[in-house]
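Chain and residue survey
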Amino acid sequence: MKKNQIITKHGILGMMLTVIITAGTLNVKAEEGMWIPMLLEKYNIEAMQEAGLRLSAEDIYSINQDCLKDALVIFGRGCTGEMISADGLLLTNHHCGYGAIQRHSSVESDYLTDGFWAMSRDEELPNEGLTVTYLRYMKDVTVEMEEGLIGELDPEEAQKQMERNMGKLIKEATEGSHYSALVRPFYYGNAYYMFVYETFTDVRLVGAPPEAIGNFGADQDNWMWPRHTGDFSMFRVYANEDNEPAAFDPSNQPYKPRKHLEIAAGGIEEGDFTMVMGYPGSTTQYLYSAAVRSMLETSLPVKIDLRTTRLEIMDRYMRADDVVRIQYSSKYRGVSNAWKKWQGIILGLTRNHAVDVKLEEEEAFAAWIEADGERILKYGDVLDEFAEIYSEMEKYEMAMYMMSESVMAIELFRQSSRIERMMNQGMSRERIERSMDGFYKNYYRPVDQEICAAMLEAYFSQMPASQYPACAEEINGKYKGDYSAYAEALYNKTVFNQPEKFLKLMDKYEKNSEKAITAFQKDPIVATANQFSDLLMEETGPVYRKLQELLQRNYQIYMAALLEMEQDRMLYPDANFTMRFTYGKVDSYNPKDGVEYDYYTTLSGIMDKATEGFEDYAVPEKLRELYEAKDYGKYGVNGTMPVCFIASNHTSGGNSGSPVMDADGRLLGINFDRNWEGTMSDVHYDPSLCRNITVDIRYVLFIIDKFAGAEYLLDEMDIVW
Ligand code: GLU
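How each quantity is defined
Residues numbered from 1 in each chain as written. Predicted model: local features only at pLDDT ≥ 70, side-chain atom pairs only at ≥ 80, totals over all residues. Heavy atoms only, no water. Near = heavy atom within 4 Å. Polar contact = N/O pair within 3.5 Å; in protein donor to acceptor, adjacent residues only side chain to side chain. Areas by Shrake-Rupley, 256 points an atom, 1.4 Å probe, with all protein chains shown as cover. Helix = DSSP H or I, 4+ residues; strand = E, 2+ residues; numbered from the N terminus. Nonpolar A, V, L, I, M, F, W, Y, C, P; charged D, E, K, R; others polar. Expected span 1.5 Å × (residues − 1). Bend = angle between axes of the 7 residues up to and from the residue. Disulfide = S-S within 2.5 Å. Buried < 20%, exposed > 50% of the residue type's maximum accessible area, 1.4 Å probe, protein only. Pairing = 2+ DSSP bridges. Contact = heavy atoms within 4.5 Å. Phe/Tyr/Trp six-rings, centres within 6.5 Å; stacked < 30°, edge-to-face > 60°. Patch = residues over 30% accessible without salt bridge, like charges linked within 9 Å, V, L, I, M, F, W, Y side chains within 5 Å. Salt bridge = Lys/Arg side-chain N within 4 Å of Asp/Glu carboxyl O. Lys, Arg positive; Asp, Glu negative; His and termini not counted. Charge placed at Lys NZ, Arg CZ, Asp CG, Glu CD. Axes fitted to C-alpha atoms, helices over the stretch in contact; angles between N-to-C directions. Parallel < 35°, antiparallel > 145°, perpendicular 65-115°, else oblique. Left-handed = near helix turned anticlockwise from the far one by under 90°.

**Observations regarding the site of the ligand**
The ligand sits among H95, W223, N337, S652, G653, S656, F672, D673 and R674. Within the contact set of the ligand, a nitrogen atom lies 2.7 Å away from a backbone nitrogen or oxygen of F672. In isolation the ligand exposes 290 Å². Once the protein is present, 90% of that is buried. By residue number, the principal contributor to the shell around the ligand is strand β20 (residues 667–674), which donates 3 residues. Taken together, the residues of the shell around the ligand break down into 2 nonpolar, 5 polar and 2 charged.

**With respect to helix α12 (residues 322–351)**
For α12, with 30 residues, the first-to-last C-alpha span of 41 Å sits near the 44 Å given by 1.5 Å per residue. The sharpest bend along α12 comes to roughly 50°, located at Y328. Where α12 begins, the capping side chain belongs to D321, and its oxygen is found 2.8 Å from the backbone nitrogen of V323. At the C-terminal side of α12, H353 shows a positive phi close to 50°.

**Let's talk about the state of the cysteines**
Applying the stated criterion across every chain yields a total of 1 disulfide. Covalently, C79 is tied to C96 through a disulfide, its sulfur atoms 2.1 Å apart. An S-S torsion of about -80° defines the bridge between C79 and C96 as left-handed. Linking C79 in strand β2 (residues 79–83) with C96 in helix α5 (residues 94–103), this pair joins segments that are 17 residues apart in sequence. Exposure class is identical for C79 and C96. Each is buried. In this structure C644 is a free cysteine whose sulfur lies 15 Å from that of C96, the closest cysteine sulfur available.

**Details of the pairing of strand β1 (residues 72–75)**
Residues in a regular strand project their side chains so that they alternate between the two faces of the sheet. The two faces of β1 match: L72 and I74 on one face and V73 and F75 on the other face are all buried. Bridge analysis of β1 against β2 gives 4 bridges, and the strand direction is antiparallel. Bridging across to β2, L72 finds its partner in E82. Where β1 folds back onto β2 in an antiparallel hairpin, the turn is made up of 3 residues, including G76, whose phi is positive at roughly 65°. Two strands pair when backbone bridges link them, and β1 and strand β6 (residues 132–140) are joined in this way by 2 bridges, in the antiparallel orientation. Residue pairing in the sheet places F75 in a bridge with V132 of β6.

**Section: the environment of Y468**
Inspection of the secondary structure puts Y468 in the loop between α18 (445–462) and α19 (471–476). For Y468, a relative accessible area of 28% puts it in the partly exposed group. Each C-alpha atom, one on Y468 and one on L535, is 8.3 Å from the other, the two residues being 67 residues apart in sequence. The contact partners of Y468, leaving out residues within four places of it in the chain, are F460, M463 and L535. In this structure the side chain of Y468 is engaged in a polar contact, spanning 2.7 Å, whose partner is the backbone oxygen of F460.

**Quick notes on the packing of aromatic side chains**
According to the stated counting rule, one finds 44 aromatic pairs in the structure shown. Judged by centre distance (5.5 Å) and plane angle (80°), the ring pair of Y134 and F200 falls under edge-to-face. Of the two residues, Y134 is situated in strand β6 and F200 in strand β8 (residues 191–200); the sequence distance between them amounts to 66 residues. Here Y134 matches F200 in class, with each residue buried. With a centroid separation of 5.2 Å and an interplanar angle of 55°, the aromatic rings of Y134 and Y255 are classed as tilted. You can see Y134 sitting in strand β6 and its partner Y255 sitting in the loop between β11 (253–254) and β12 (263–264), a full 121 residues away along the chain. Each member of the pair, Y134 as well as Y255, carries the same accessibility label: buried.

**Concerning a negative patch on the surface**
On the surface, E41, E46, E50 and E58 cluster together into a patch of negative charge. Locating E41 in the fold gives a position in helix α2 (residues 40–43). According to the relative accessible area criterion, E41 is exposed, its value standing at 54%.

**Some thoughts on the pattern of salt bridges**
Counted by the stated rule, this structure contains 36 salt bridges. Linking E716 and R121 is a salt bridge whose minimum nitrogen-to-oxygen distance equals 3.6 Å. Residue E716 is found in the loop between α26 (697–707) and β22 (719–720), and its partner R121 is found in the loop between β4 (116–117) and β5 (125–126); the two are separated by 595 residues along the sequence. For E716, a relative accessible area of 17% puts it in the buried group. Of the charged contacts in the structure, one is a salt bridge between R227 and D673, with a shortest N-O distance of 2.8 Å. Note that R227 is positioned in the loop between α10 (218–221) and β10 (233–239) and D673 in strand β20, a separation of 446 residues in sequence. With relative accessibility at 5%, the residue R227 sits in the buried group. Look at the salt bridges and you will find they share partners, linking D87, R121, E124, R236, K256 and E716 into a network.

**A few points about the pairing of strand β13 (residues 273–278)**
For β13, a buried count of 6 out of 6 residues is recorded, marking the element as mostly surrounded by other parts of the structure. Residues of β13 alternate between two faces, with F273, M275 and M277 on one and T274, V276 and G278 on the opposite face, all of them buried. In the sheet, β13 pairs with strand β14 (residues 580–585) via 6 bridges, with the strands oriented antiparallel. Looking at the pairing, T274 lines up with G584 of β14. Relative to strand β19 (residues 659–661), β13 runs antiparallel, the two being bridged by 2 bridges. The residue bridging V276 from the neighbouring strand is V660, located in β19.

**Topic: the packing of helix α16 (residues 411–424) against helix α21 (residues 499–511)**
Interaxial distance between α16 and α21 falls to 12 Å at its minimum, and their mutual angle equals 20°. As the angle between them shows, α16 and α21 are arranged roughly parallel. Two packed elements cross with a definite hand, and for α16 against α21 that hand is right-handed. When α16 is examined against α21, the residues I419, M422 and M423 are found in contact with a partner set consisting of F502, L505, M506 and Y509.

**Side note on unusual backbone geometry**
At the junction of W225 and P226, the peptide bond is cis and its omega measures out at 0° in the coordinates. Mapped onto the elements of the fold, P226 is located in the loop between α10 and β10. Phi at F577 takes a positive value of approximately 55°, unusual for a residue other than glycine. Position of F577 relative to the elements: it lies in the loop between α23 (524–565) and β14. Here F577 falls in the partly exposed class, since its relative accessible area comes to 22%. Here the phi dihedral of K630 falls at roughly 50°; this positive angle occurs in a residue that is not glycine. Classification of K630 as partly exposed rests on a relative accessible area of 47%.

The analysis is restricted to geometry; functional conclusions fall outside its scope.
Shown next as structure tokens:
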């Protein structure tokens, strides 16, 4: 198939659907795969039941009866949560509720450090901007999305036609209701599904343990097993008197969900069936070998280095001042999370020879094509196309991630482009000032100024001179290459560091927005940030986008070919932050030769780690007392208190907060992480190494009851012992 050719109804799309529907259940590895809940019946429900599942496909996803999907939510923008009571009680991770907990925290009432527990419903804390979203139904709309795509259309025309089709579908699905809808491509655009959602906006904080429990081990342990983190927080969803979404109002009532999960407090054993439902964000399981190579050799190492520099700067200031620590805690975690994960990915992919594995797969794929004339016609060019596109992309990639990881790592640069966009969109002075207030709340000039100097230095030392914006001359001339002096000058002069001048700018904006925008663009921060973004928009960006489009089209053809080639094997679509179902079993693993990791951890491991003396392993006094008195209530087992466990469920970012359930769909714990050796699973899944990490529900109950004294919350849960 030729470059630029659009696949139509008579082409690959229809064929691929046939493949999905007719494919058998051979060779399914229990551990690998993020399955579309609506298709379990057609996919591989029998294999799941053979592996231990005791539910039917309808119990998991149905539009005719309440089912597990109704107990599941998108929490905030990037996490999962689950309903655990008929009164709107919801569990997610501590790191998912972190932003909300931080916003309620101050040096005087530091909920991050001390935890927070509402002792009655009146004490629950509202969270502006926080949402909880339920999937009401999903629908295969592949045929509707193809409407009007007949013959060989120009790609742009085809794109426009698809956008029209999508608009029509969304309108039909949501008109006259408070639902929203989304159409997402699957298998690189070989299929489309629509998702209809109901979003609640009154979501209140009920409880969170102190960071020393909810983030025990912090960076030291992040992405690692053995783990001892009580990574949970609790919220309650509120609704109006019709049980429908409503803005925060004290008279709102707890939302009555269609389904909530029972809690399995009986514990787990090695080999037990487990399943996870949630919203994995993004995986690239079918990546071409050159892309994996470039990730390993170039993009990840460069990005890791840039973040190391940023993190060192933040850390230094956070240690010196408690106010800065609170201001930057959430930002720091955001930066360090991917930074550490990337290091795990490099380790895993290298150890697994992932590039060689991909090359072997591509060889087999090429042989499969060569064996058949029709295949040669349809797919003959696909691998060569990849090689060509990726080698062209290499020239531009560095500019793209230097832009996102260095230039846009500077807070004032990011904020300046946000404010400029708001002004250009004609937003009210009030909204702009609100954005600035929010920004200042967590901004500390010395941190950002030092990051600015370091990031600009990194940019100019790593990019070719052809990619220098005009400020290079000033830096090298007037400032003689002294980035700190240059940053100091920018930060002294900018309106962002002179709030009274910003207010004057807003006065001007109210009178004459155009003049104000012109004045704003002369601000040294705005002007410098714009030099970089212009360079990107005018030079690198357009070529890069074109290449991305070609790549996307080639992946569509490649994926269609893979689906045809692998008819006997289920191929699951890459994650795209839509609801998925995955299953596996509680399982230990060997991280390296001669080492075996057990499948669970206990409270005594927390005390052992505490003796190492790192501050990431600080233990709250109350927890130590409970440990010493072995006061575990009904949650302990033979004198120990279970904390976390691992299983072989195939999860990803976005699965944070997902319920880890037993064969009957009862809650065993909350998913919060993956192991270091297995973070590569977004690209390359290895069942012997990849594990998801779960906080055991018994530890969650123990903390709520024994540690926090909020046992009244347990009364509304259905706990099965
Ligand atoms: N701990 C992960 C994160 O914060 C979430 C779960 C995962 O990626 O496995 O992104």
